[in-house]
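Now for the letters of each chain:
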Amino acid sequence: MKTHVKALVVGGGAVGTSIAYHLAKAGWEDVVLVERDELTSGSTWHSAGLLPYFNMSYATTHIHDYSIRFYKTLKEETGLDPGFFVVGNLRMAQTRERMDEYMLYASTAETCDVPYEWMTPAEIAERWPLVRTEDLAGAIYHPTDGYINPADVTQAMAKGARARGVTIERKWQVDGYAWTGAHWDVTLTKMVEKGGNLIPSDERVTVHAEHVVTATGNHSQRTAKLLGIKIPAIPVEHQYIITEPDPALVEYRKTMPEHPVLRDADAKWYVREERGGWMLGPYEYGAPARFEYAVPDSFRADLFPLDLERIEEEYMSMIHRIPSSETAGLKDDYNGPICYTPDGNPLLGPAPGLRNMWLAEGFSFGITAAGGAGKYLADLMVEGEAEIDMGSLDPRRYGAWMTTEYAARKNEEAYAHVYILHHPDEEREACRPLRTAPAYDRQKAAGAQFGQVNGWERPNYYGPVDAPDTFDHDARSFRRGAWWPYAEAEARAVREAAGLIDATAFTKHSVTGPGATAFLDRFTCNRLPRIGRINLTYALSVAGTVRTEYTIVRLGETDYYLISAGGLTAYDGDYLRKAAEDFMADGGDFVVIHDVTTQWGVFALAGPNSRSILNELVRDSEPETALSNKRFPWLSARDIELGMVPVRAIRVAYTGELGWELHHPIEMQTHLWDRLTEAGARHGLKLAGARAQNWLRQEKSYRAYGTELGRDATPLEAGLDRFVDLSKEFHGKAAMEETGIRFRCATFLVDGPDDADPWGREALYDGETRVGRLTSGGWSVAFGKSIGMGYVTPEKAAPGTRLMVKMHDRLWPATVTEDSPYDPKNEAIRKDG
Ligand SMILES: Cc1cc2nc3c(=O)[nH]c(=O)nc-3n(C[C@H](O)[C@H](O)[C@H](O)COP(=O)(O)OP(=O)(O)OC[C@H]3O[C@@H](n4cnc5c(N)ncnc54)[C@H](O)[C@@H]3O)c2cc1C
């Protein structure tokens, strides 16, 4: 066993093995992989090995795409056949709505160069006559994916890794981690066989590792405990069954090639051929979470007993879809732990609060994802960034508020939701409400339909006051949902009178101390504001791309209040704190950082009447001028009093109207809400939600973090030049300049279908050539048509350029506008009074 290594990878499943392989491929020497048992003895050995492309996320689609292409190269590289059967993948739809889902997915697939074809029921019947098609609406077919042997692909990656210098040590269990300030001291115990069990021996070793990656699968709760952090990866039971040979299938296969992997999404299953029979994998309701605290010592490469009753409905629906399967008896069954996370995405990236500790946990499609996860995590570790934005997979997307109970129940939900209709306006129900601000009950009584942002309840829109509990569920659509008229009325009210939007979920940090100014000046790319003023600015990644967007309020010489995206509290806080530690370690003065997110509520009041509303409430020696441009100019911050509430008011509005953000002590929130709504009633105030706000900000070309802004584009590519002070030095500047302009952010007005707006995932075309993709979409009340924002090649970003956007499998005209098509001179926002 090497005792001094560059990287120690813990866990020899598909994921850990791929990471070790890719670290070596990226040039790292002294990579060691340790496995407590045998390679693949975790979930990997019993995986069905399907490699589905289908995924609604841009980052994950890239990861799956890499895996599928990479696995095809392994045989040539290593001489080991990973057993990749490229039989294709037929995803069937029983309804038009399911076809709508596939069309939305197809947009994402196109932007990632994933090949697909459409098939009609008649075409399916002609090609695969064993499949019943009369109740199908159609299907999407991927000709280039299929299934693989999970153990063989892992062994092939292991062989490739060894050939590139990786050492693989089996029967060594990691039992402790200690950070010395420069490296990790990792304690390992030799595991030995005794009576069929795997038990620790007295043999121990300590490995000094510069970096550690944990890929411990079902053992992630033990890993979390050893590291003293939270990891919301908990497995759920997943079963598949294999039938005896089906005579009709055996006969068919005498002359015909193998069936593609079949998926009947509306019936919640996948089916593929297995030795003349069928393998059925259902994603049934009611599958329980397991190993919420730890995997028992007695559980090795084991399985749970089959629960046939739980999957009866899916079994019957397989017989419906493939009638000949009824004749085949049950031959084999597998019920194993499959790791999940609350949103179904793996946790891939830096561990919260720790240095040089990387997590690769919570993989539910781990065979499909292993290749790409290994590649992109290795990029992150070796280069500092990956070419795709890994933010949606980052382990820090959950905060310290997260508990075992929450993770377990959400993970069960994520499993049960694998085959639901993935509406872009979907909101999941489990574990809610959990994080509520004081005004929650008032908002609910006013008809609010909430979305969940990192656990927070935030109104998406205000529907009917007496709506049934199922209203929002039934309102969802791939086109315009039943919520659309409510959001439209809210957006109109903001433009014409006033709207009140709850923005309490914003992340808020206080940065103070003698080093605060020098630190923030280096950490962010814009000039710091003067005292009493605010600035929009960006902290960059080492690649010069946008890591975090901040509104910085300067309260004093060395006293700053930083506001960043709602829900990204741990993600932003971790980056901020580590950057400050680095600054101080480099000799910088002391910096103190506090996360004050839950201390401050935030209401955004915007619209031409917003000043009149506040004028009724403001207490001041000269109330009539307190909110005037002279005393309270645009882009400034003041402590004001509204009734009895001390408010840190900031004159900005994400909707692009005259408006203020009202940051207030959270315990006074209901009082402030009541005063604002009472006064607002006299000025046409309407309660508004996040959906209306999202449309309005696009009319102003305001980029949003997580859509236009992320770790795959620099602020210059995002068109934010005016917020980048090139005259100063800042973190990521050289990399940003070196990157140049690969593509540009633009705003589009879209002449789309009568019943749908873009969602922000659609491909953009110039003639036959794909030239970009939308990252946001919606409806513009100001222009009376659909709107979107996105990225295109630089030469297509000029205002007036006419492109086409692919929506619902058709191309629709999309014209590039000037930045800020609504009120380009900012007259509304600067209005005096
Ligand atoms: C029935 C079933 C069917 C599935 N079908 C598919 C499918 O068709 N397609 C697909 O993509 N996915 C499928 N999956 C999911 C897939 O199996 C997993 O996502 C994948 O195997 C996860 O790989 P991993 O490397 O993250 O974890 P694992 O394979 O569980 O590996 C983790 C390893 O870490 C080791 N380890 C843990 N703690 C320590 C420690 N302290 N020290 C040393 N070693 C340690 C364990 O022994 C284990 O070998 C299926 C899962 C199930 C249950």
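Rules of the game
Residues numbered from 1 in each chain as written. Predicted model: local features only at pLDDT ≥ 70, side-chain atom pairs only at ≥ 80, totals over all residues. Heavy atoms only, no water. Pairing = 2+ DSSP bridges. Helix = DSSP H or I, 4+ residues; strand = E, 2+ residues; numbered from the N terminus. Axes fitted to C-alpha atoms, helices over the stretch in contact; angles between N-to-C directions. Contact = heavy atoms within 4.5 Å. 1 Å grid on protein atoms, 1.4 Å probe; cavity = no way out; pocket = protein on both sides within 12 Å on 5 of 7 lines; lining within 4 Å. Points joined across faces, edges and corners; volume = space filled by probe spheres on them. Nonpolar A, V, L, I, M, F, W, Y, C, P; charged D, E, K, R; others polar. Near = heavy atom within 4 Å. Polar contact = N/O pair within 3.5 Å; in protein donor to acceptor, adjacent residues only side chain to side chain. Areas by Shrake-Rupley, 256 points an atom, 1.4 Å probe, with all protein chains shown as cover. Core = buried A, V, L, I, M, F, W, Y, C linked by side-chain atoms within 4.5 Å. Buried < 20%, exposed > 50% of the residue type's maximum accessible area, 1.4 Å probe, protein only. Parallel < 35°, antiparallel > 145°, perpendicular 65-115°, else oblique. Left-handed = near helix turned anticlockwise from the far one by under 90°. Salt bridge = Lys/Arg side-chain N within 4 Å of Asp/Glu carboxyl O.

Colleague: Looking at this structure, I do not really get the sheet that holds strand 12 (residues 234–243). What am I missing?
Modeller: Where strands meet in a sheet, backbone hydrogen bonds hold them as pairs that are either parallel or antiparallel. Here 8 strands make up an open sheet; going across it, the order is 5-6-4-13-14-15-12-16 and the pairing mixed. The sheet is open, and its two edges are formed by strand 5 (117–119) and strand 16 (330–340), each paired on a single side. Taking each pair of neighbouring strands and ignoring which way they run, the sheet shows an average axis angle of 20 degrees. With 3 bridges connecting them, strand 13 (residues 261–264) and strand 14 (residues 269–274) associate as antiparallel partners. Bridged to Asp-264 within strand 14 is Trp-269. Relative to the sheet, helix 11 (residues 404–416) contacts strand 12, strand 15 (277–282) and strand 16, its axis offset from that of strand 12 by approximately 30 degrees.

Colleague: Whenever I open this one, empty space enclosed by the protein confuses me. Can you help?
Modeller: It is the rolling of a water-molecule-sized probe over the atoms that shows where space remains empty. For the coordinates displayed, the defined rule picks out 5 cavities of 30 Å³ or more. Roughly 70 Å³ of internal volume is contained in the second largest cavity. If you trace the second largest cavity, you find it lined by Asp-100, Met-103, Leu-104, Ser-107, Phe-478, Asp-757, Pro-758, Trp-759, Glu-762, Lys-806, Met-807 and His-808. A class-by-class count of the residues in the lining of the second largest cavity yields 6 nonpolar, 2 polar and 4 charged.

Colleague: Whenever I open this one, the sheet that holds strand 28 (residues 637–642) confuses me. Can you help?
Modeller: Strands sit in the order 28-29-30-27-21-31 across an open sheet of 6 strands; the sheet is mixed. Edge strands, defined here as strands with exactly one partner in the open sheet, are strand 28 and strand 31 (685–688). Averaged over neighbouring strand pairs, the angle between their axes works out to 30 degrees when direction is ignored. Pairing of strand 21 (residues 498–502) with strand 31 involves 4 bridges; the strand directions are parallel. Note on strand 31: the bridge partner recorded for Ile-501 is Ala-688. The strands touched by helix 17 (residues 610–617) within the sheet are strand 21, strand 27 (600–606), strand 28, strand 30 (659–665) and strand 31, with strand 30 carrying the most contacts at an inclination of about 35 degrees.

Colleague: What is the right way to look at the site of the ligand in this model?
Modeller: Close to the ligand lie 37 residues, the nearest being Glu-35, Thr-44, Phe-363, Gly-366 and Thr-368. At a separation of 3.0 Å, an oxygen atom of the ligand approaches a polar backbone atom of Val-15. Ser-47 is positioned with one of its side-chain polar atoms (N or O) 3.3 Å from a nitrogen atom of the ligand. Considering the ligand on its own, with 1000 Å² of exposed area, one finds that the protein chains cover 98% of that surface. Looking at the shell around the ligand residue by residue, the class counts come to 15 nonpolar, 19 polar and 3 charged.

Colleague: So what exactly am I meant to see when it comes to the nonpolar core here?
Modeller: Grouped burial of nonpolar side chains is what soluble globular proteins tend to show. One finds Leu-23, Tyr-71 and Val-213 to be the most contacted residues of the largest nonpolar core, which totals 86 residues. With 9 residues, the single largest contributor to this core is helix 10 (residues 366–383). Residues within four places of Val-213 in sequence aside, it is in contact with Leu-8, Val-9, Val-10, Ile-19, Leu-23, Trp-358, Ala-360, Leu-377 and Met-381. Membership of the second largest hydrophobic core comes to 34 residues, among which are Val-186, Ile-229, Ile-234 and Leu-359.

Colleague: How should I be thinking about the side chain of Thr-524 in this particular structure?
Modeller: Take Thr-524: it is sitting in the loop between helix 15 (516–523) and strand 23 (534–540). Among the polar contacts listed, one links the side chain of Thr-524 to the backbone oxygen of Leu-520, at a separation of 2.7 Å. Residue contacts for Thr-524: discarding those within four places in its chain leaves Thr-537, Tyr-538, Ala-539, Tyr-550, Ile-552, Lys-728 and Phe-730.

Colleague: Just checking my understanding: could you explain the packing of helix 1 (residues 14–25) against helix 6 (residues 150–163) for this structure?
Modeller: Between two packed helices, the angle of one axis relative to the other and the distance separating the axes together describe the packing. Taken N-terminus to C-terminus, the directions of helix 1 and helix 6 make an angle of 25 degrees; their axes are 8 Å apart at the nearest point. Relative to helix 6, helix 1 is oriented roughly parallel. The handedness of the crossing between helix 1 and helix 6 comes out as left-handed. Of helix 6, the residues touching helix 1 (which contributes Ala-14, Thr-17, Ser-18, Ala-20 and Tyr-21) are Thr-154, Met-157, Ala-158, Gly-160 and Ala-161. Per-class residue counts for the contact of helix 1 with helix 6 are 6 nonpolar, 4 polar and no charged.

Colleague: Looking at this structure, how should I read the pattern of salt bridges?
Modeller: Pairing between side chains of opposite charge can happen when the charged atoms of each approach one another. Applying the stated criterion across every chain yields a total of 69 salt bridges. Of the charged contacts in the structure, one is a salt bridge between Arg-554 and Glu-557, with a shortest N-O distance of 3.2 Å. Taking relative accessible area as the criterion, Arg-554 reaches 10% and is therefore assigned buried. Taking relative accessible area as the criterion, Glu-557 reaches 53% and is therefore assigned exposed. We note a salt bridge from Asp-712 to Arg-773, for which the minimum N-O separation is 3.8 Å.

Colleague: How should I be thinking about the layout of surface pockets in this particular structure?
Modeller: Roughly 790 Å³ of volume is contained in the second largest pocket. Around the second largest pocket, the lining comprises 24 residues; the ones closest to its centre are Arg-355, Val-542, Tyr-575, Lys-578 and Asp-582. Looking at the lining of the second largest pocket, the elements with two or more residues in it are strand 18 (357–361), helix 15 and helix 16 (569–585). Per-element accounting of the lining of the second largest pocket gives the leading share, 5 residues, to helix 16. Across the lining of the second largest pocket, the residue classes break down as 11 nonpolar, 4 polar and 9 charged.

Colleague: Help me out: how do you make sense of the packing of helix 14 (residues 484–496) against helix 19 (residues 690–699) in this one?
Modeller: Axis separation between helix 14 and helix 19 bottoms out at 8 Å; the angle between their running directions is 55 degrees. Taken together, the axes of helix 14 and helix 19 lie oblique to each other. By crossing handedness, the relation of helix 14 to helix 19 is classed as right-handed. Packed against helix 14, whose contacting residues are Trp-484, Ala-487, Glu-488, Glu-490, Ala-491, Val-494 and Arg-495, the element helix 19 presents Arg-691, Ala-692, Trp-695, Leu-696 and Glu-699 at the interface. Its residues placed into classes, the contact of helix 14 with helix 19 shows 7 nonpolar, no polar and 5 charged.

Colleague: Explain the side chain of Arg-397 to me, please; I cannot follow it from the model alone.
Modeller: With respect to the secondary-structure elements, Arg-397 resides in the loop between helix 10 and helix 11. For Arg-397, a relative accessible area of 10% gives the class buried. A distance of 2.8 Å separates a polar atom in the side chain of Arg-397 from a polar atom in the side chain of Asp-343. A distance of 2.8 Å separates the side chain of Arg-397 from the backbone oxygen of Asn-345, its partner in a polar contact. Ignoring anything within four residues of it in the chain, the contact list for Arg-397 reads Thr-341, Asp-343, Asn-345, Pro-346, Leu-347, Ser-392, Asn-454 and Gly-567.

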